[in-house]
Amino acid sequence: MAVPVKRAFKYRFYPTDAQAAELSRTFGCVRKVYNLALTARTQAWVLRQERTNYNATSAMLTAWKKTEEFTYLNEVSSVPLQQALRHLQAAFTGFFAKRAKYPRFKSRKKSRKSAEYTTSAFRFRDGQLTLAKMAEPLAIVWSRPLPEGAQPSTVTVSQDSAGRWFVSLQCEDPTVRPLPPTDAAVGVDAGLDHLLTLSTGEKIANPRHERRDRERLAKAQRSLCRKAKGSVNHGKARRRVARVHARITDRRRDTLHKITTRLVRDNQTIVIEDLSVRNLLKNHTMARAISDAAWSEFRSMLEYKADWYGREMVAVDRWFPSSKLCSTCGTLREKMPLNVREWTCDGCATAHDRDVNAARNLLAAGLAVSVCGAGVRPQRESSRTGRSAAKQKPSQREP
């Protein structure tokens, strides 16, 4: 029996003036508590070599509320403040496990404005959501229905840089279940001329969302530069820039959702290349185009959707010479400059499209690993000799 998947459903809502003021206060208090706890934990370690856990910071929060300096913390719901301490504990857990960097302080201007409520701090009845410290329910735009009978376990309220308000409800989704098995498999090669090239020969065009709105973005940024910092007009101009960025981000995410959903539904095994996007962004000539392509976000979506629907995703090692290897006879070319988009194999005289050939090689390497059951990342030397090199994504993942 399939384990129910916890899924977040995000909606936009329009708060009243009173609700907006209450949420803004909550965001500020959440940020303050997080920074106070981070300071306390850092000082405890630097000065006394002591590790401070969540329970200790929770006791500190109680003491802070009793002081005159931080008495305003009592004006908002205590649940988002406790959740901020839990998030800090999770950040430290990731740091000590060497999965993340040391936690950073939250900035009033740059950090994400959000607050998380658990079941004791909200009421969800008859399709209406009412948060603690509020008399009226939120005016949510239900763009899609929640699963039948679903009851949210946590609610996260946020405001983006463009001033839009969102609420995310996490609940179990019984509609997400493994799809019927299929024999289809596909290799996917990411690029810039075409966003994706499949081993079937299909090429998915690159929408270049950022380039489409580049003129509008530049105009908004020029207007922002002419405004005095801290002025009302500067704030308005900053929101205009943020709205353009939000428009680009929304379009990009919508495109990636449609592509990844189609790939997962149509194929049992999906093979991609394990690209190091962070290193690729160091190439300042291509960094803007690579960021617009959002390869990391594409992979992230593909991973969790494959886990949801019982599919397999295999990531081939980035040193595997997929572009230089002939997918017909296996002949390996010594050099393959980026400007060469079509080439002919010296061994079998087969004419290749560079991207389609790379996708076919990725598929062959991924299937070889999938069949033999290997799950360990290979060494670079094996990749440079032209052998199939891949690592397999675990079949289960906590959503």
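Residues numbered from 1 in each chain as written. Predicted model: local features only at pLDDT ≥ 70, side-chain atom pairs only at ≥ 80, totals over all residues. Heavy atoms only, no water.

What follows is about the overall build of the protein. In terms of regular secondary structure, the protein is built from 11 helices and 15 strands. When the backbone C-alpha atoms are referred to their principal axes, the protein occupies close to 80 × 55 × 55 Å. In the protein, which comprises 399 residues, the proportion classed as buried is 43%. The long-range share in the protein, meaning contacts at least 24 apart out of those at least 6 apart in sequence, stands at 70%. One way to put it: in the protein the 72 positive side-chain charges average out to a point 7 Å from where the 38 negative ones average out. (Helix = DSSP H or I, 4+ residues; strand = E, 2+ residues; numbered from the N terminus. Buried < 20%, exposed > 50% of the residue type's maximum accessible area, 1.4 Å probe, protein only. Contact = heavy atoms within 4.5 Å. Lys, Arg positive; Asp, Glu negative; His and termini not counted. Charge placed at Lys NZ, Arg CZ, Asp CG, Glu CD.)

Enumeration over the complete set of coordinates arrives at 19 salt bridges. Residue Glu22 pairs with Arg25 through a salt bridge whose shortest N-O separation is 2.6 Å. Note that Glu22 and Arg25 are positioned in helix H1 (residues 17-48) at a spacing of three residues, about one turn of the helix. Residue Glu210 is joined to Arg214 by a salt bridge in which the shortest nitrogen-to-oxygen separation is 2.7 Å. (Salt bridge = Lys/Arg side-chain N within 4 Å of Asp/Glu carboxyl O.)

For the rest of this paragraph, the subject is a nonpolar patch on the surface. A cluster of nonpolar side chains, contributed by Trp45, Val46 and Leu47, occupies part of the molecular surface with about 340 Å² of accessible area. Judged by its relative accessible area of 55%, Val46 falls in the exposed class. (Patch = residues over 30% accessible without salt bridge, like charges linked within 9 Å, V, L, I, M, F, W, Y side chains within 5 Å. Areas by Shrake-Rupley, 256 points an atom, 1.4 Å probe, with all protein chains shown as cover.)

Under the defined criterion, the tally for this structure stands at 11 aromatic pairs. Joined through ring pairs, the aromatic side chains of Phe92, Phe95, Phe96 and Tyr102 make up one cluster. Across the ring face of Phe166, the terminal group of Lys10 is positioned such that the distance to the ring centre comes to 4.8 Å. Over the face of the ring belonging to Trp45 we find Arg51, whose NZ or CZ atom lies 5.8 Å from the ring centre. (Phe/Tyr/Trp six-rings, centres within 6.5 Å; stacked < 30°, edge-to-face > 60°. Lys NZ or Arg CZ within 6 Å of the ring centre and 35° of its normal.)

Next up on the list: unusual backbone geometry. One non-glycine residue, Arg208, lies in positive phi territory at about 50 degrees. A positive phi angle is found at Ala294, which is not glycine, with a value near 55 degrees. Here Ala294 is to be found in the loop between helix H8 (287-293) and helix H9 (295-308). What makes Ala294 buried here is its relative accessible area of 11%.

Turning to the sheet that holds strand E1 (residues 5-13), a few remarks are in order. Spatially, five strands are ordered E2-E6-E7-E1-E5 in an open sheet, and the strand pairing comes out antiparallel. What marks the edges here is a single partner per strand, and that holds for strand E2 (113-118) and strand E5 (140-141). Sheet analysis places E1 next to strand E7 (residues 165-173), joined by eight bridges and oriented antiparallel. Paired with Arg7 across the bridge in E7 is Cys171. Set on the sheet, H1 makes contact with E1, E2, strand E6 (154-159) and E7; between it and E2 the angle comes to about 95 degrees. (Pairing = 2+ DSSP bridges. Axes fitted to C-alpha atoms, helices over the stretch in contact; angles between N-to-C directions.)

With that out of the way, let us pick up a positive patch on the surface. Together, Arg108, Lys109, Lys113, Lys229, Lys236, Arg238, Arg239, Arg240 and Arg243 make up a positively charged patch on the protein surface. Considering every element that reaches the positive patch, the biggest residue donor is helix H6 (residues 232-266), with five residues. Its location among the elements puts Lys236 in helix H6.

Another point: the packing of helix H2 (residues 54-66) against helix H3 (residues 78-96). Contact geometry of H2 with H3 gives a least axis separation of 10 Å together with a crossing angle of 145 degrees. As H2 runs across H3, the sense of the crossing is right-handed. Here H2 contributes Tyr54, Thr57, Ser58, Leu61 and Lys65 to the contact with H3, which in turn contributes Ser78, Leu81, Gln82, Leu85, Arg86 and Gln89. Looking at the contact of H2 with H3, its residues break down into four nonpolar, five polar and two charged. (Left-handed = near helix turned anticlockwise from the far one by under 90°. Nonpolar A, V, L, I, M, F, W, Y, C, P; charged D, E, K, R; others polar.)

The UniProt entry lists residues 295-362 under the feature "domain: Cas12f1-like TNB" (unreviewed entry), expressed in the numbering used here. Taken as a whole, residues 295-362 contains 34% helix and 16% strand, while its terminal C-alpha atoms sit 16 Å from one another. (UniProt positions renumbered as here; feature names shortened; annotations may be inferred.)

Okay, the side chain of Asp317 next. Structurally, the position occupied by Asp317 is in the loop between strand E12 (312-316) and strand E13 (342-344). A distance of 2.9 Å separates the side chain of Asp317 from the backbone nitrogen of Trp319, its partner in a polar contact. (Polar contact = N/O pair within 3.5 Å; in protein donor to acceptor, adjacent residues only side chain to side chain.)

Turning next to the environment of Leu36. Assignment of secondary structure puts Leu36 in helix H1. By relative accessible area, which is 18% here, Leu36 ends up buried. Each C-alpha atom, one on Leu36 and one on Phe105, is 9.1 Å from the other, the two residues being 69 residues apart in sequence.

Before going further, it helps to spend a moment on the nonpolar core. Within the largest apolar cluster, 43 residues are counted, with the highest numbers of intra-cluster contacts made by Leu23, Leu129, Leu131, Val157 and Val167. Take this core: its biggest share by element is 10 residues, from H1. Setting aside anything within four residues of it in sequence, one finds Leu131 in contact with Leu23, Tyr117, Ala121, Phe122, Leu138, Val155 and Val157. Formed by 29 residues, the second largest nonpolar core is a distinct cluster that contains Val176, Val186, Ile270 and Met301. (Core = buried A, V, L, I, M, F, W, Y, C linked by side-chain atoms within 4.5 Å.)

In this section: the environment of Ala184. Within the element layout of this structure, Ala184 appears in the loop between E7 and strand E8 (185-190). The partly exposed category is assigned to Ala184, whose relative accessible area is 27%. Considered as a pair, Ala184 and Phe27 are 157 residues apart in the sequence and their alpha carbons are 48 Å apart. Every residue in contact with Ala184, bar those within four places of it in the chain, is listed here: Asp266, Asn267, Gln268 and Thr269.

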